[in-house]
Amino acid sequence: MSKAKNILFIMFDQLRWDYLSCNGHPHLHTPNIDRLASMGVRFTRAYIQSPICGSSRMSTYTGRYVHSHGASWNGIPLKVGEMTMGDHLRKAGMGCWLVGKTHMVADAEGMERLGLEPDSLIGARVAECGFDVFERDDGMRPEGPNGFYDPNGAKIYNAYLNDKGYEGDNPWHDFANSGLDEDGNVLSGWFLKNSSEAANIAEEDSETPYLTTRGMEFMESQSGPWCCHLSYIKPHWPYIVPEPYASMYGPEHVLPVVRSQAEHENAHPVLRAFMDTKIGKTFSRQDVREAVIPAYMGLIKQADDQMGRLFDWMEQTGRMKDTMIVLTSDHGDFLGDHWMGEKTFFHDTSTKVPLIIYDPSPDADATRGSTCDALVESIDLAPTFVDVAGAQIPDHILEGHSLLPILRGQAKETPREVAICEYDYSASPIATMLNASVRDAVMFMVADKRWKLIHCEGGYRPLLFDLENDPDELVDLGDSAKHADVIAQMYDHLFAWARRLSQRTTRSAEQLMERRTKSSGTGVVIGIYDENDTPLELTVKYRNRKARPYQEIRGKTE
């Protein structure tokens, strides 16, 4: 094996950390992802920076917290001027390409203000989160009475399906994400009762194999060095999968729900609002879980089989020898745990993600097949990639830490003491339920290896979980007087994080240190009484100079 020349950055959407056999799932066997873990390092304490697709991805792509980049919810643009991993990697001589999903929305107003045309090279990169696009597919083409959710969603994929003979104006919905009854009626995957149906599509034509093929076609087209963000759409809803995966799992494979009646009855007001949403109430039903979770597992099993196809091809073509492979997710899925569905709260079910990194370098031989419980964040990937590319990490911009020292056995921990996650629900109906202002509809999570504190703006008490003695996070200790010192300590961590300098991105620490001791030599000598009180070479332009009296110049006399 040789050092990594290229990076394959694989991200799944809404893949729970514990729905892999290498992470302990008893029924869902994922031998190909497990194989990658046996070749690299499996991180067991990797946290995202926001429990929703858009803002989580923007943190991963920028290497910056949500507080820093500002794209705090789906549909909120990443502002013009925010650098992404593509900007950093191209500067280091490595291309950075997208195959699949980003959930990025362009800052159209900012681009117009700066005169950036979307069809120009730089404008296209700004509009696509810093990536050069091989194929973007956000995998969402729902349509309602007011039109499409995403007018560009699945357009190329739909054209591909049409060419394959799948008829209609939206085969993404009618075939890839719906079943079919005996009378030819489309059984929409949007309705959870249809999750147990098989998607009406040949398995090889469905979304996950399609994107795997496109990723392989990208790699074939490149000579490198490159970073390819192969970003899968599944197992994100709609929860429906084609055969043979639709029949692989049933209610007997659905794990017991993680929740308690006391947890529900004593819920913090903000947590209660999330439990009381339509999604929370629906996923609290066992019949819903028994319909959805087998399909969710089938989608993951299909993804694992595609990883086997991909890794085998990379080995056969020699690409495994010089390509770092990173596999992760943008967030998890509650699936009824804690009386919730979706992902928008801070339990590990949502905020902890799988992270496996294979480094082909001989320097990483000592850590192959190992696990690491260091506190890792998704923002660590961008500096890791810059490190792999051989460039200096601009740590006044990138807020994460390179994981290469851990991968190569030089460290066991990251420098951080806590992990941070943020959620802005100001545009959500939950804000209406809580009568919360836009300013107050925001929450923060701060967690170390023992404790997790959740702060909710709006005058609420915090939530606190003891991750060591209550790993399922069922008992909220936020109002426990016995834990006042712990709560204060966790708030100290949060306060220290909030005071960090994150917007000073135009000058590095090294440049600022240099300015402390190095005179600019431009003649500013503030506070100097005598020319001999400062190095004479700095005042050379002020000594031994002659000038005529101004009266003589102006022709004036006394």
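Each remark here, short or long, concerns the structure printed above.
Residues numbered from 1 in each chain as written. Predicted model: local features only at pLDDT ≥ 70, side-chain atom pairs only at ≥ 80, totals over all residues. Heavy atoms only, no water.

S.K.: Residue-level account of the overall build of the protein, with values.
M.R.: Scanning the protein from terminus to terminus reveals 20 helices and 17 strands. Its C-alpha atoms give the protein a radius of gyration of 27 Å, within 12% of the compact-globule value 24 Å for 558 residues. Across its three principal axes, the protein shows a C-alpha extent of roughly 115 × 60 × 55 Å. Of all 558 residues assigned to the protein, the portion counted as buried reaches 55%. Considering only intrachain contacts with a sequence separation of at least 6, the fraction spanning at least 24 residues in the protein is 71%. One way to put it: in the protein the 57 positive side-chain charges average out to a point 8 Å from where the 81 negative ones average out. (Helix = DSSP H or I, 4+ residues; strand = E, 2+ residues; numbered from the N terminus. Rg over C-alpha atoms; globule rule 2.2 N^0.38 Å. Buried < 20%, exposed > 50% of the residue type's maximum accessible area, 1.4 Å probe, protein only. Contact = heavy atoms within 4.5 Å. Lys, Arg positive; Asp, Glu negative; His and termini not counted. Charge placed at Lys NZ, Arg CZ, Asp CG, Glu CD.)

S.K.: Any chance you could break down the nonpolar core for me, citing the residues and the numbers?
M.R.: Nonpolar side chains in soluble globular proteins tend to be buried together. One finds Phe43, Phe345 and Tyr425 to be the most contacted residues of the largest nonpolar core, which totals 69 residues. Setting aside residues up to four positions removed in sequence, Phe43 forms contacts with Leu355, Ile357, Cys372, Val376, Leu403, Ile406 and Leu407. Leu36, Phe175, Phe311 and Tyr358 belong to the second-largest nonpolar core, a separate cluster that totals 56 residues. (Core = buried A, V, L, I, M, F, W, Y, C linked by side-chain atoms within 4.5 Å.)

S.K.: Could you give me a rundown of the sheet that holds strand β16 (residues 451-456), with the residues and numbers involved?
M.R.: Backbone-to-backbone hydrogen bonds join strands into a sheet, with any given pair of strands oriented parallel or antiparallel. Pairing is antiparallel in the open sheet, where 4 strands are placed in the order β14-β15-β16-β17. Both edges of this open sheet fall to β14 (419-424) and β17 (463-466), since each of them pairs with a single strand only. Ignoring which end each strand starts from, the neighbouring axes of this sheet average 15° apart. The sheet contact formed by β14 and strand β15 (residues 442-447) spans 6 bridges and is antiparallel. Of the residues in β15, the one forming a bridge with Tyr423 is Met443. The sheet strands contacting helix α18 (residues 484-498) are β14, β15, β16 and β17, and the helix crosses β16 at an angle near 65°. (Pairing = 2+ DSSP bridges. Axes fitted to C-alpha atoms, helices over the stretch in contact; angles between N-to-C directions.)

S.K.: Talk me through the packing of helix α9 (residues 207-221) against helix α13 (residues 286-316); I want residue IDs and the actual numbers.
M.R.: Following both chains from N to C, one finds α9 and α13 inclined at 20°, their axes separated by 10 Å at the closest point. One element, α9, and the other, α13, form an angle in the roughly parallel class. The element α9 and its partner α13 pack so that their crossing is right-handed. Counting all contacts with α9, which are made through Thr208, Pro209, Thr212, Thr213, Met216, Met219 and Glu220, the residues of α13 involved are Gln302, Ala303, Gln306, Arg309, Leu310, Trp313 and Met314. Split into classes, the residues belonging to the contact of α9 with α13 amount to 7 nonpolar, 5 polar and 2 charged. (Parallel < 35°, antiparallel > 145°, perpendicular 65-115°, else oblique. Left-handed = near helix turned anticlockwise from the far one by under 90°. Nonpolar A, V, L, I, M, F, W, Y, C, P; charged D, E, K, R; others polar.)

S.K.: Run through the pattern of salt bridges, naming residues and quoting values.
M.R.: When their charged atoms lie close together, side chains carrying opposite charge are able to pair. Taken as a whole and judged by the stated rule, the model has 34 salt bridges. The closest approach of N and O atoms between Arg64 and Glu82, which form a salt bridge, is 3.0 Å. Pair noted here: Arg64 is in the loop between α2 (53-62) and α3 (66-69) and Glu82 is in the loop between α3 and α4 (85-91), with a separation of 18 residues, a long-range link. Accessibility expressed as a relative area gives 1% for Arg64, which makes it buried. (Salt bridge = Lys/Arg side-chain N within 4 Å of Asp/Glu carboxyl O.)

S.K.: Break down the packing of aromatic side chains for me, citing the residues and quoting the values.
M.R.: Going through the model one piece at a time under the given rule, you end up with 22 aromatic pairs. Considering the side-chain rings of Phe345 and Phe346, the 5.9 Å spacing of their centres and the 45° angle between planes classify their relative orientation as tilted. Note on Phe345: relative accessible area 0%, which makes it buried. Judged by its relative accessible area of 0%, Phe346 falls in the buried class. Taken together, the ring pairs in this structure connect Phe274, Phe345, Phe346, Tyr423 and Tyr425 into an aromatic cluster. Here Arg141 stacks its cationic end above the ring of Phe148, 3.9 Å away from the centre of that ring. (Phe/Tyr/Trp six-rings, centres within 6.5 Å; stacked < 30°, edge-to-face > 60°. Lys NZ or Arg CZ within 6 Å of the ring centre and 35° of its normal.)

S.K.: Describe empty space enclosed by the protein, naming the residues involved and giving the relevant values.
M.R.: Here the structure, examined in full by the defined rule, presents 5 cavities of 30 Å³ or more. Approximately 60 Å³ is the volume found for the largest cavity. Listing elements by their share of the lining of the largest cavity, those giving two or more residues are α9 and α13. Of the residues that constitute the lining of the largest cavity, the class distribution is 5 nonpolar, 3 polar and 2 charged. (1 Å grid on protein atoms, 1.4 Å probe; cavity = no way out; pocket = protein on both sides within 12 Å on 5 of 7 lines; lining within 4 Å. Points joined across faces, edges and corners; volume = space filled by probe spheres on them.)

S.K.: Tell me about the side chain of Asp466, residues and numbers included.
M.R.: Structurally, Asp466 can be placed in strand β17. In this structure Asp466 comes out as buried when scored by relative accessible area, which is 7%. A distance of 2.7 Å separates the side chain of Asp466 from the side chain of Arg450, its partner in a polar contact. At a separation of 2.9 Å, a polar atom in the side chain of Asp466 contacts the side chain of Asn469. Excluding its chain neighbours within four sequence positions, the residues that come into contact with Asp466 are Arg450, Trp451, Pro471 and Leu477. (Polar contact = N/O pair within 3.5 Å; in protein donor to acceptor, adjacent residues only side chain to side chain.)

S.K.: An account of the layout of surface pockets is requested, with residue identities and associated values reported.
M.R.: Considered as a void within the structure, the largest pocket measures approximately 740 Å³ in volume. Considering the residues around the largest pocket, the lining is formed by 31 residues, among which Trp73, Trp237, Ile279, Glu342 and Lys343 are closest to the centre. Sorting the residues of the lining of the largest pocket by element identifies α12 (278-283) and α17 (429-433) as the ones contributing at least two each. Broken down by element, the residue count for the lining of the largest pocket peaks at 5 residues, all from α12. A per-class count over the lining of the largest pocket returns 18 nonpolar, 9 polar and 4 charged.

S.K.: Describe in detail the environment of Gly318, supporting the description with residues and values.
M.R.: Within the fold, Gly318 resides in the loop between α13 and β10 (323-329). In this structure, the C-alpha to C-alpha distance between Gly318 and Gly523, residues 205 residues apart in sequence, is 60 Å.

S.K.: Run through α9, naming residues and quoting values.
M.R.: The end-to-end C-alpha separation of α9 is 21 Å, in line with the 21 Å expected for 15 residues at 1.5 Å each. Of all 15 residues that make up α9, 11 are buried, and the element is covered over most of its length. (Expected span 1.5 Å × (residues − 1).)

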